[in-house]
Amino acid sequence: MAVSEPPRFPLASLPTPLVPARRLADAIGSAPILVKRDDLTGFALAGNKARKLELLVGDALAVGADALVTGGGAGSNHCQATAAAARVAGLACVLVMYGRAPAREHPNLRLARAFGAEVRFTGDPDRRSVDRGLDAVAEELAVAGRRPYVIPRGGASALGAAAYALAVPELVGQLAAEAVEPAVVIVAAGSCGTHAGLLAGTLAGGHPWRVVGAAVSRSVAESRTRVLELSRACAELLGTRAAIEGDVEVADAIGPGYGVPSRAGVAAARLGARTEGLLLDPVFTAKALGALLAMVREGLGGPAVFVHTGGVPSVLHEGGLWDA
Ligand SMILES: Cc1ncc(COP(=O)(O)O)c(C=O)c1O
């Protein structure tokens, strides 16, 4: 892909492995499944967030910021990853979280605090209260003479998505080495930047596979709109071909709700653990693998790449998969 790469602040150990999951494929009688191990990006258990933060922190440093401001839920992988990245880059970090401080803190919140982030709760259970909080914190810091850099929830911006467009050539080289041409690349979709970037990179390279997002935190309709918008913005940034509506494929994987384990996800996580030793989290990756298994049952038409996006801090959290 002949694109001009945005500045990058190195965080991840790349390339991440692409691993054939033979026992998993055999267990379900499927065509080959390969797992792109972005749970192994090698920085602060950040999973897919490490790639995004390389570009987001790179931009923050390029514009002379001295503090990262972002937010999400108390269990947000993105928040803990941003807190760690801020430290490495020598920046302060303020995290805005919806709701109130939980009585029992999720490992990600404990990690974020351990990395020295300042954590503020909005007191409002609506996730969108974070967005208002980000603006307020940025204004407060600016008034105090600081230089805040606001990262939207999930790192979902054109630049965050670009990190995954730029990961596609890495995947292409690995697929060539395995002599596999996938029919489908599937990934968990939350704030939708990862899916949007993979789609932009796939279109930029003219690759024939479908990119499917397993929607775990929003409706299919909302996810489709976000993926299309983010993917187009990402393509504009990189100067590559823009997606059209028909390019966007989203599978419903939310089950009983965002952050609530689903039956399909629990079954998929157990299968992944028992066949491949994979650690899948209840919020994102277990549901995404569940969506892939459903697609296999319906007939996939060829090999699949499952992008494992991490979520490791949630794997052992109380009330998670293994208690379900
Ligand atoms: C483990 C994990 N997987 C997948 C996702 C989804 O990525 P995105 O927010 O880019 O859709 C996230 C982030 O929210 C995540 O933390």
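Nothing here was measured: the structure is a model prediction, and the numbers come from that model. (Residues numbered from 1 in each chain as written. Predicted model: local features only at pLDDT ≥ 70, side-chain atom pairs only at ≥ 80, totals over all residues. Heavy atoms only, no water.)

Engineer: Describe the overall build of the protein, listing the residues and the values that go with them.
Structural biologist: Tallying secondary structure elements over the protein gives twelve helices and ten strands in all. Taken over the C-alpha trace, the protein has a radius of gyration of 19 Å; the compact-globule value for 324 residues is 20 Å, and the two agree within 12%. For the protein, the C-alpha atoms occupy an extent of roughly 60 × 50 × 35 Å along the three principal directions. Counting only residues that meet the buried cut, the protein has 57% of its 324 residues in that class. (Helix = DSSP H or I, 4+ residues; strand = E, 2+ residues; numbered from the N terminus. Rg over C-alpha atoms; globule rule 2.2 N^0.38 Å. Buried < 20%, exposed > 50% of the residue type's maximum accessible area, 1.4 Å probe, protein only.)

Engineer: Requested: an account of empty space enclosed by the protein, with residues and values cited.
Structural biologist: Summed over the entire model, instances satisfying the criterion amount to one cavity of 30 Å³ or more. Forming the walls of the largest cavity are Lys36, Asp38, Tyr164, Ala167, Val168, Leu171, Leu198 and Val307. Split by residue class, the lining of the largest cavity holds six nonpolar, no polar and two charged. (1 Å grid on protein atoms, 1.4 Å probe; cavity = no way out; pocket = protein on both sides within 12 Å on 5 of 7 lines; lining within 4 Å. Points joined across faces, edges and corners; volume = space filled by probe spheres on them. Nonpolar A, V, L, I, M, F, W, Y, C, P; charged D, E, K, R; others polar.)

Engineer: I'd like a rundown of the site of the ligand, residues and numbers included.
Structural biologist: Around the ligand, 15 residues are found, and the nearest of them are Lys49, Lys52, Ser191, Thr194 and Thr309. Between an oxygen atom of the ligand and a side-chain N or O atom of Ser191, the distance comes to 2.5 Å. The contact in question runs from an oxygen atom of the ligand to an N or O atom on the backbone of Gly193, over 3.3 Å. Protein contacts shield 96% of the accessible area of the ligand, which totals 380 Å² for the unbound molecule. A molecule is said to occupy a pocket when more than half its atoms come within 2 Å of that pocket's grid points, and by this definition the ligand occupies the largest pocket. Looking at the shell around the ligand element by element, the count peaks at three residues for helix α2 (residues 48-62). (Near = heavy atom within 4 Å. Polar contact = N/O pair within 3.5 Å; in protein donor to acceptor, adjacent residues only side chain to side chain. Areas by Shrake-Rupley, 256 points an atom, 1.4 Å probe, with all protein chains shown as cover. Sits in = over half its atoms within 2 Å of the grid points.)

Engineer: Could you give an account of the packing of helix α3 (residues 77-89) against helix α4 (residues 107-114), with specific residues and numbers?
Structural biologist: The contact between α3 and α4 brings their axes to 8 Å, and the two run at 15 degrees. It follows from the interaxial angle that α3 and α4 lie roughly parallel. Helix-helix and strand crossings are classified by hand; for α3 and α4 the assignment is left-handed. Listed contacts from α4 to Asn77, Gln80 and Ala83 of α3 are Asn108, Leu111 and Ala112. (Axes fitted to C-alpha atoms, helices over the stretch in contact; angles between N-to-C directions. Parallel < 35°, antiparallel > 145°, perpendicular 65-115°, else oblique. Left-handed = near helix turned anticlockwise from the far one by under 90°. Contact = heavy atoms within 4.5 Å.)

Engineer: Provide a residue-level description of the pairing of strand β3 (residues 67-72), including the pertinent values.
Structural biologist: Where burial is concerned, most of β3 is hidden: six out of the six residues are buried. Of the two faces of β3, both are covered, the one formed by Ala67, Val69 and Gly71 as well as the one formed by Leu68, Thr70 and Gly72. A crossover links β3 with its parallel partner strand β4 (residues 92-97), the connecting element being α3, and its sense is right-handed. Here β3 pairs with strand β6 (residues 148-150) via three bridges, running parallel. Pairing of Ala67 across the sheet is with Pro148, part of β6. (Right-handed = clockwise from strand over helix to strand, strands pointing away. Pairing = 2+ DSSP bridges.)

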